[in-house]
Amino acid sequence: MAKISIKKCPDCGGDLVKSNSPTNGYTTYFWAKPWSKFIGVNNEPIFPWLCMKCSRVFFYMDDKQFNTIKQEYEHEKLTSH
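These notes cover the structure that comes with them. Since we're looking at a predicted model, the values are computed, not measured.

Regarding its fold elements, the protein chain presents two helices and four strands. Walking the protein chain from its N terminus toward its C terminus, one meets helices and strands in the order β-β-α-β-β-α. The buried share of the protein chain, reckoned over its 81 residues, is 23%. For the protein chain, the proportion of contacts with a sequence separation of at least 24, taken over those separated by at least 6, is 54%. With the model as given, the accessible surface of the protein chain reaches about 6300 Å², and the carbon-plus-sulfur share is 55%.

Right, here's the structure in full:
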């Protein structure tokens, strides 16, 4: 059996279970990444996580990718005003 990645749900405290792939459930087809207009961040994997208690689905990315997108967002926000 494959190793299961688990986090705590931010809403109910239940167990979040990570999808095996960023494309499981076709998440790349029905959900447009809101930061896709930023340069160089079109192919970062976003993994869906399902809560085993409240059945909510959350999307998470690696910290390195998040920091890159956050920096680009902050730069874009400052230059657009």
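Right, let's talk about the pairing of strand β2 (residues 15–18) for a bit. Along a regular strand, successive side chains alternate from one face of the sheet to the other. Of the strand pairs in this sheet, strand β1 (residues 6–8) and β2 are connected by three bridges, and their pairing is antiparallel. Paired with Lys8 across the bridge in β2 is Asp15. The loop that links β1 with its antiparallel partner β2 comprises six residues; one of these, Gly13, has a positive phi angle of about 85°.

Attention now moves to unusual backbone geometry. One non-glycine residue, Ser55, lies in the positive phi region at around 65°. Along the chain, Ser55 falls in the loop between β3 (47–51) and β4 (57–60). Classification of Ser55 as exposed rests on a relative accessible area of 54%.

Scanning the model with the defined rule gives three salt bridges in all. Glu74 is paired through a salt bridge with Lys77; the nearest N and O atoms lie 3.8 Å apart. Residue Glu74 and its partner Lys77 are both found in helix α2 (residues 63–79); the two are separated by three residues, about one turn of the helix. Taking the relative accessible area as the measure of exposure, Lys77 reaches 34% and is therefore partly exposed.

Here is what the cut-offs are and how they apply
- Residues numbered from 1 in each chain as written.
- Predicted model: local features only at pLDDT ≥ 70, side-chain atom pairs only at ≥ 80, totals over all residues.
- Heavy atoms only, no water.
- Helix = DSSP H or I, 4+ residues; strand = E, 2+ residues; numbered from the N terminus.
- Buried < 20%, exposed > 50% of the residue type's maximum accessible area, 1.4 Å probe, protein only.
- Contact = heavy atoms within 4.5 Å.
- Areas by Shrake-Rupley, 256 points an atom, 1.4 Å probe, with all protein chains shown as cover.
- Pairing = 2+ DSSP bridges.
- Salt bridge = Lys/Arg side-chain N within 4 Å of Asp/Glu carboxyl O.

As far as function goes, none of this settles anything; it's purely spatial.
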